[in-house]
Amino acid sequence: HDIFKVETIGDAYMCVGGLPEPQQDHAVRTALFALRAVQSANNTLVDEDEPDRGAINLRVGFHSGPVVASVVGDLNPRYCLFGDTVNTASRMESNSMKNKINMSPQAHTCLVNQLPGVSTTSRGVISIKGKGEIECFFLDQTNANDVKLSNCLNGSKEKSSVRGLRMSPWI
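Residues numbered from 1 in each chain as written. Predicted model: local features only at pLDDT ≥ 70, side-chain atom pairs only at ≥ 80, totals over all residues. Heavy atoms only, no water.

Engineer: What am I meant to see in the pairing of strand β8 (residues 132-139) here?
Structural biologist: The side chains of a regular strand alternate, first on one face of the sheet and then on the other. As paired strands, strand β6 (residues 101-103) and β8 are joined by two bridges and run antiparallel to one another. In the strand pairing of β8, M103 is matched with F137. Two elements, strand β7 (residues 120-128) and β8, share eight bridges in a ladder whose sense is antiparallel. Looking at the pairing, V125 lines up with E135 of β8. A loop of three residues connects β7 with β8, the two strands running antiparallel in sequence, and G130 in this loop sits at a positive phi of about 80°. (Pairing = 2+ DSSP bridges. Helix = DSSP H or I, 4+ residues; strand = E, 2+ residues; numbered from the N terminus.)

Engineer: Help me understand unusual backbone geometry, please; the structure alone is not making it clear to me.
Structural biologist: For residues other than glycine, phi is negative in most cases, and the peptide bonds are mostly trans. A positive phi angle, close to 60°, is found at N99, a residue other than glycine. Along the chain, N99 falls in the loop between α2 (84-94) and β6.

Engineer: How should I be thinking about helix α1 (residues 26-42) in this particular structure?
Structural biologist: Think of an α-helix as turning once every 3.6 residues; residues three or four places apart then point the same way. With 17 residues, α1 extends 24 Å between its outermost C-alpha atoms, agreeing within 8% with the 24 Å of an ideal straight helix rising 1.5 Å per residue. Along α1, 13 of the 17 residues are buried, which leaves the element largely enclosed by surrounding structure. (Expected span 1.5 Å × (residues − 1). Buried < 20%, exposed > 50% of the residue type's maximum accessible area, 1.4 Å probe, protein only.)

Engineer: It is not clear to me how the packing of aromatic side chains should be interpreted in this structure. Could you clarify?
Structural biologist: What describes a pair of aromatic rings is the distance from one ring centre to the other and the angle between the planes of the rings. Per the counting criterion, the structure on display carries zero aromatic pairs. Over the aromatic face of F138 sits the side chain of K100, whose NZ or CZ is 5.3 Å from the ring centroid. (Phe/Tyr/Trp six-rings, centres within 6.5 Å; stacked < 30°, edge-to-face > 60°. Lys NZ or Arg CZ within 6 Å of the ring centre and 35° of its normal.)

Engineer: For this particular structure, what's the right way to read the environment of A37?
Structural biologist: With respect to the helices, strands and loops of the structure, A37 is situated in helix α1. C-alpha of A37 to C-alpha of N99: the two residues are 62 residues apart in sequence and 9.6 Å apart in space.

Engineer: Whenever I open this one, the packing of α1 against helix α3 (residues 105-114) confuses me. Can you help?
Structural biologist: Helix packing for two helices is described by the angle between their axes and how far apart those axes are. Closest axis-to-axis distance for the α1/α3 pair is 8 Å, and the angle between their directions is 105°. Relative to α3, the element α1 is oriented roughly perpendicular. Where α1 abuts α3, its residues H26, A27, V28 and A31 lie against C110, L111 and Q114. Classifying every residue of the contact of α1 with α3 by side-chain character gives five nonpolar, two polar and no charged. (Axes fitted to C-alpha atoms, helices over the stretch in contact; angles between N-to-C directions. Parallel < 35°, antiparallel > 145°, perpendicular 65-115°, else oblique. Contact = heavy atoms within 4.5 Å. Nonpolar A, V, L, I, M, F, W, Y, C, P; charged D, E, K, R; others polar.)

Engineer: Help me understand the pairing of strand β5 (residues 78-82) in this model?
Structural biologist: As paired strands, strand β4 (residues 68-72) and β5 are joined by five bridges and run antiparallel to one another. Looking at the pairing, V71 lines up with Y79 of β5. Hairpin remark: β4 followed by β5, antiparallel, with five residues in the connecting loop; positive phi at G73, about 105°.

Engineer: For this particular structure, what's the right way to read a nonpolar patch on the surface?
Structural biologist: A contiguous nonpolar patch, built from V68, V72 and F82 and spanning about 250 Å² of accessible area, is present on the exposed surface. Relative to the helices and strands, V72 is located in strand β4. Exposure remark for V72: the relative accessible area of 33% places this residue in the partly exposed category. (Patch = residues over 30% accessible without salt bridge, like charges linked within 9 Å, V, L, I, M, F, W, Y side chains within 5 Å. Areas by Shrake-Rupley, 256 points an atom, 1.4 Å probe, with all protein chains shown as cover. Salt bridge = Lys/Arg side-chain N within 4 Å of Asp/Glu carboxyl O.)

Engineer: I tried to follow the nonpolar core on my own but got confused; where do I start?
Structural biologist: Within soluble globular proteins, side chains that are nonpolar tend to cluster in buried spots. One finds I101, M103, L111, L139 and L149 to be the most contacted residues of the largest nonpolar core, which totals 22 residues. Elements supplying a minimum of two residues to this core: α1, β3 (57-65), β6, α3 and β8. Sort the elements by how many residues they give to this core and α1 lands first, with nine residues. With five residues, the next largest nonpolar core counts M92, I126, I134 and C136 among its residues. (Core = buried A, V, L, I, M, F, W, Y, C linked by side-chain atoms within 4.5 Å.)

Here's what the structure looks like:
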């Protein structure tokens, strides 16, 4: 998917599309990665010795916007992202639901521009801590969306920008 893993924070996985190399179809790549991550987690048992415990569930959120990127540290250097986009992506994840992919209006607009006809559902206006009232959207998890997203890779004309994606397990 050419999505760059930035870091793992506790039980959350943060990755980005459009960095370190620009991608014209970054929102599509991020959405497809999110869909596949949820599908894969749902097919992974929490405990293979106790299948009755069920499968792993994820909560996913993503946002689109500018970030500042830098390498931080002397002994153990790492690539870090800073800015409001990172915070908003985190808020999208924390306000998502079990096995759902929550998008900010900016991420939604970018995805719809890159892939007209992609299926999403408005959640309506939600109160987001530190952000106020925001209309959020779920990416519909349908086979048709999976096929559309897969077929669209490298076909978008949108300028590159950053997509922050954050996922947390939900057991």
